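Observations on the model geometry
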Amino acid sequence: MINIAQNLASINALIDAACKHAKRQPKTVNLLAVSKTKPADLIVQAYEAGQRHFGENYIQEAVDKIQQLSHLDDICWHFIGPIQSNKSRQIASIVDWVHSVDRVKIAKRLSDQRDINITPLNVCLQVNISGETAKSGATIEQLPELAEFVNNCPNLCLRGLMAIPANTKDEHITKNSFNQMQTLFIGLQDQYPTVDTLSMGMSGDLDIAIDCGSTMVRIGTAIFGKR
Ligand SMILES: *Cc1c(COP(=O)(O)O)cnc(C)c1O
């Protein structure tokens, strides 16, 4: 049987070690537990082990689990998957964070559809840092306009950037992408005071990401097992 608490402890130890290596405080890096395709009872086990931030990719699955787990105090839900316009209303109404905003049209819909009586939706802009045509994400050229737009949306709070680098074993390519993201992030922080989140790093590259200033690593398999 899978031991979620033990897996979380191992990942947190890896984060601590990477922070030590990068001469950073461990509390500056948040762990987002990516629970897509995994049942609610495994999320409860992670919650009971102290984990509070959970990431989902598919909207209907997210709706079901969020409703099922609404009794868990200060659990925080992040949507990290590609966003279709016809799903934006559901996303705007149920999650606390969205990491995958990559165009003005989606940002506008999320802001228009967010209930004005709840806290603004926290938004990271997804950047297509590898430049692969099949990948989601704004281009570096599109980023300034998108950031300004989100910053001006009444029901959104611009929190930072997210990236998924090319799937490669070549650490130089990964590091190069993460370095570029760090530069973009620092530039954005200079311009917008609400920006504090650089969402990058997964199971295989969290140490490089933390070295390059990541403030949120997104880990699925190493916590919840293979999908
Ligand atoms: C699935 C997913 C993850 C987690 O991936 P693992 O390989 O399971 O750790 C992280 N980020 C995004 C955007 C994902 O879709």
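Coordinates for the structure precede this section.
Residues numbered from 1 in each chain as written. Predicted model: local features only at pLDDT ≥ 70, side-chain atom pairs only at ≥ 80, totals over all residues. Heavy atoms only, no water.

The helix and strand inventory of the protein chain stands at 9 helices and 8 strands. Relative to the 2.2 N^0.38 estimate, which gives 17 Å for 227 residues, the radius of gyration of the protein chain is 17 Å and therefore close to what a compact globule would have. For the protein chain, the C-alpha atoms occupy an extent of roughly 45 × 40 × 30 Å along the three principal directions. Scored against the burial criterion, the 227 residues of the protein chain give a buried share of 50%. In the protein chain, the share of contacts with a sequence separation of at least 24, taken over all contacts with a separation of at least 6, comes to 59%. Taking the average place of the 22 positive charges on the side chains of the protein chain and the average place of its 23 negative ones, the gap between the two points comes to 3 Å. (Helix = DSSP H or I, 4+ residues; strand = E, 2+ residues; numbered from the N terminus. Rg over C-alpha atoms; globule rule 2.2 N^0.38 Å. Buried < 20%, exposed > 50% of the residue type's maximum accessible area, 1.4 Å probe, protein only. Contact = heavy atoms within 4.5 Å. Lys, Arg positive; Asp, Glu negative; His and termini not counted. Charge placed at Lys NZ, Arg CZ, Asp CG, Glu CD.)

We now examine the pairing of strand 1 (residues 30-34). Consecutive residues of a regular strand have side chains that alternate between opposite faces of the sheet. Taken across its 5 residues, strand 1 has 4 buried, putting it largely inside the fold. With 4 bridges connecting them, strand 1 and strand 8 (residues 216-219) associate as parallel partners. Within strand 8, the position partnered with L32 by the bridge is R218. Sheet analysis places strand 1 next to strand 2 (residues 53-56), joined by 2 bridges and oriented parallel. Note that in strand 2 the partner of A33 across the bridge is F54. Each parallel crossover has a hand, and the one from strand 1 via helix 2 (residues 40-48) to strand 2 is right-handed. (Pairing = 2+ DSSP bridges. Right-handed = clockwise from strand over helix to strand, strands pointing away.)

This part is about the pairing of strand 6 (residues 156-163). Counting buried positions over the 8 residues of strand 6 gives 8, a clear majority of the element. Here strand 5 (residues 121-127) runs beside strand 6; their pairing, made up of 7 bridges, is parallel. The residue bridging L121 from the neighbouring strand is L156, located in strand 6. In the classification by handedness, the crossover that spans strand 5, the intervening helix 6 (residues 143-151) and the parallel strand 6 is right-handed. Where strand 6 and strand 7 (residues 197-199) come together, 3 bridges link them in parallel fashion. Opposite M162, over in strand 7, you have S199 as the bridge partner. Handedness of the strand 6-helix 7 (residues 171-191)-strand 7 crossover: right-handed.

In this section: the site of the ligand. In the vicinity of the ligand, the contacting residues are V34, K36, N57, I80, I164, M202, S203, R218, I219, G220, T221 and R227. Here a nitrogen atom of the ligand and a side-chain polar atom of R218 are 2.9 Å apart. Considering the ligand on its own, with 390 Å² of exposed area, one finds that the protein chains cover 87% of that surface. The cavity where the ligand resides is the largest pocket. A breakdown of the residues in the shell around the ligand according to their chemical character gives 5 nonpolar, 4 polar and 3 charged. (Near = heavy atom within 4 Å. Polar contact = N/O pair within 3.5 Å; in protein donor to acceptor, adjacent residues only side chain to side chain. Areas by Shrake-Rupley, 256 points an atom, 1.4 Å probe, with all protein chains shown as cover. 1 Å grid on protein atoms, 1.4 Å probe; cavity = no way out; pocket = protein on both sides within 12 Å on 5 of 7 lines; lining within 4 Å. Sits in = over half its atoms within 2 Å of the grid points. Nonpolar A, V, L, I, M, F, W, Y, C, P; charged D, E, K, R; others polar.)

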